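Close look at the chain arrangement
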Amino acid sequence: MSEKKTVVIAVANHKGGCGKTTTVINLSAELAKMGLAVLVIDLDPQANASLHIGKKHPSEVAVTCAELLLSEIEKLPLAIHSDTNIEGVSLIYGSLALGKTEDQLKDSAPRPSEELRDKIKPLHGIFDVILIDCPPSLKLLTSNALAAATHLIVPVESGSQYGMYGVTDLMKLVEKIHRINPALELIGALLIRHDERQTVCKLIEASAKNQIGKLIDVRIPTSTKVNQSAIAQMSLHALDRTSKVAREFRHLAEVIAKQLNLVNGSN
Ligand SMILES: Nc1ncnc2c1ncn2[C@@H]1O[C@H](COP(=O)(O)OP(=O)(O)OP(=O)(O)O)[C@@H](O)[C@H]1O
Ligand SMILES: [Mg+2]
């Protein structure tokens, strides 16, 4: 029997609040609903994904991404928590300590951008999909995510005129990381809070296509359900699977599963 192929998707954009964590959580939930084994890696010191889907408070977790990145690989099994608020989704917690980890990696690691890639190598063949939630910065944590990833999604806040601000810096970092991770493949920009009737959304859509190069053919609308689901520590699917925003995340999972051959035993 051939070993399963694991796809590692980094969800990155250094613009704060553009929908990275919401995408990671709801895409992970929908992929798990399809029967896939999913792991979320929370690489953000804010630990928002962990606060949403974790059963524990990040401060109570012995081995978070911070300890994993700085320790020997033996800590990996201790870092993975399979009991989360989303069925079928495991979690490596983020923590405030990740703020310091970047400096420590810079000082001590021989290849500071490749620590995460090395640490999660044993997980290839175990999970179908690993989703990495990145912090709103282009520093070492995001470099680690990009170096460990096979694929990249760039959420873009479509309803804001500043949604594309700084995105060329992200694309430059992706280009740089290609030198150490040539296989990294862009899935595309994902438009968040999109409303096709609004001029600003149409402008951001055109600009994202032009500057990022690829657009995912799914549009995530604005919905108060997103905040409600975070408060309830649920996925949108569990909160209200019939809502438009939940259906669009389902659609996103279907598009990605098809594009990356994740379903029908083809992986
Ligand atoms: N489609 C949406 N409709 C309404 N609110 C949304 C939507 N997507 C995200 N939000 C809200 O916007 C805020 C930012 O979203 P999110 O945390 O996913 O962004 P982020 O890119 O992870 O932020 P950060 O850069 O701080 O990590 C959150 O309060 C979230 O609930
Ligand atoms: Mg976030």
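Here is a short report on the structure shown in this document.

Rules of the game
Residues numbered from 1 in each chain as written. Chains lettered and ligands numbered in written order. Predicted model: local features only at pLDDT ≥ 70, side-chain atom pairs only at ≥ 80, totals over all residues. Heavy atoms only, no water. Core = buried A, V, L, I, M, F, W, Y, C linked by side-chain atoms within 4.5 Å. Buried < 20%, exposed > 50% of the residue type's maximum accessible area, 1.4 Å probe, protein only. Contact = heavy atoms within 4.5 Å. Pairing = 2+ DSSP bridges. Helix = DSSP H or I, 4+ residues; strand = E, 2+ residues; numbered from the N terminus. Axes fitted to C-alpha atoms, helices over the stretch in contact; angles between N-to-C directions. Near = heavy atom within 4 Å. Polar contact = N/O pair within 3.5 Å; in protein donor to acceptor, adjacent residues only side chain to side chain. Areas by Shrake-Rupley, 256 points an atom, 1.4 Å probe, with all protein chains shown as cover. Nonpolar A, V, L, I, M, F, W, Y, C, P; charged D, E, K, R; others polar.

Let us look at the nonpolar core. Ile-132, Leu-152 and Ile-212 are the most contacted members of the largest nonpolar core, which has 48 residues in total. Residues in contact with Ile-212, not counting those within four places in the same chain, are Val-154, Val-156, Met-164, Val-167, Met-171, Leu-186, Ala-189 and Ser-207. The next biggest cluster of nonpolar side chains, apart from the first, holds 39 residues, and it includes Val-61, Leu-91, Leu-190 and Ile-216.

Now for the sheet that holds strand β6 (residues 151-157). Strand order across the open sheet formed by 8 strands is β3-β4-β2-β5-β1-β6-β7-β8, with mixed pairing between neighbours. Looking at strand neighbours, the two that pair on one side only are β3 (80-81) and β8 (215-220), the edges of this open sheet. With 3 bridges connecting them, strand β7 (residues 185-192) and β8 associate as parallel partners. Across the sheet, residue Ile-192 finds its bridge partner in β8, namely Ile-220. Contacts from helix α9 (residues 199-212) reach β6, β7 and β8, with the element oriented near 170 degrees to β7.

Taken together, 19 residues sit near ligand 1, with Lys-20, Thr-21, Thr-22, Pro-221 and Asn-227 positioned nearest. A distance of 2.5 Å separates an oxygen atom of ligand 1 from a polar atom in the side chain of Thr-22. A distance of 3.4 Å separates an oxygen atom of ligand 1 from a polar side-chain atom of Asp-44. Calculation on ligand 1 without its partners gives an accessible area of 630 Å², and the protein chains cover 84% of this total. The set of elements that each furnish at least two residues to the shell around ligand 1 consists of α1 (20-33) and α10 (225-231). Among the elements that line the shell around ligand 1, the one with the most residues is α1, at 3 residues. Classifying every residue of the shell around ligand 1 by side-chain character gives 6 nonpolar, 9 polar and 4 charged.

Remember that the coordinates give geometry; whether it matters functionally is a separate question.
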